[in-house]
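Analysis of the macromolecular model
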Amino acid sequence: MYRIVGVIILVVAVLVGILFANIAEPPGPVIGWDQVEPILVESCTRCHDGDLALGGVDLSSYEAVLSGDDPAAVPYDLGSSLVRILSEQPRSGMRGPDHTALFSEEEKNLVFRWIEWGCYLTGWDGSD
Ligand code: HEC
């Protein structure tokens, strides 16, 4: 009886260890906001700045992108509105430009990986 409990505790401990190891150490290289900011500022803040936040979306800072009632980016969530609007054709009645055409595939992948891996502030190349 005690042996079974011991085995169960061991299995749970190993599973929790694997889970946290994955969260703590995403596969490098990791994209950071320092790489995402230049393209967002270039392509998006003429419509999504603090003063002119069309659609209620402010993309002018790290805090602004991640905060609010309906944040543009939610760490680890590829259902974030930022991902949706860059990958789906505009819904009918949507104002503004076709957002799927604003970024190259490479730029989209950078933004999607940044969100998928947890919206880190600074990236690293995975070497340490
Ligand atoms: C020419 C102006 C303009 C530019 C440039 C622009 N947007 Fe938008 N964006 C809008 C407008 C207008 C809306 C609101 C659309 C609506 O809700 O009808 C919007 C909505 C959004 C939303 C909310 C989507 C939702 O599901 O409600 C996000 C996120 C967004 N934009 C991200 C971006 C990103 C990222 C860029 C840069 C690649 C960008 N926008 C560039 C005008 C713009």
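Up top is the structure these notes are about.
Fair warning: this is a prediction, and the values are worked out from it, not measured in the lab. (Residues numbered from 1 in each chain as written. Predicted model: local features only at pLDDT ≥ 70, side-chain atom pairs only at ≥ 80, totals over all residues.)

Each helix and strand counted, the protein has five helices and zero strands in total. Listing each helix as α and each strand as β along the protein from the N terminus yields α-α-α-α-α. Taken across its 128 residues, the protein has 13% of its residues classed as buried. By sequence separation, contacts in the protein at least 24 residues apart represent 61% of the contacts at least 6 residues apart. (Helix = DSSP H or I, 4+ residues; strand = E, 2+ residues; numbered from the N terminus. Buried ≥ 20, exposed ≤ 12 C-beta atoms within 10 Å, placed from the backbone. Contact = placed C-beta atoms within 7 Å.)

Here the focus is the site of the ligand. The environment of the ligand is made up of 22 residues, and the closest members are Cys44, Cys47, Gly55, Gly96 and Leu102. Considering only residue class, the shell around the ligand consists of 13 nonpolar, six polar and three charged. (Near = placed C-beta within 6 Å. Nonpolar A, V, L, I, M, F, W, Y, C, P; charged D, E, K, R; others polar.)

Summarising the element assignment, Leu40 is placed in helix H2 (residues 33-43). Under the C-beta neighbour-count criterion, Leu40 is labelled buried, with 22 such atoms within 10 Å. With 20 residues separating them in the primary sequence, Leu40 and Ser60 have C-alpha atoms 8.0 Å apart. Setting aside anything within four residues of it in sequence, one finds Leu40 in contact with Thr45 and Leu59.

In the contact formed by H2 and helix H5 (residues 105-116), the axes pass within 10 Å of each other and the chain directions differ by 135°. What the angle tells us is that H2 and H5 run oblique. Helix-helix and strand crossings are classified by hand; for H2 and H5 the assignment is left-handed. Contact with H2, carried on its side by Gln35, Val36 and Ile39, involves Glu107, Leu110, Val111 and Trp114 of H5 and no other residues of that element. Broken down by class, the residue content of the contact of H2 with H5 amounts to five nonpolar, one polar and one charged. (Axes fitted to C-alpha atoms, helices over the stretch in contact; angles between N-to-C directions. Parallel < 35°, antiparallel > 145°, perpendicular 65-115°, else oblique. Left-handed = near helix turned anticlockwise from the far one by under 90°.)

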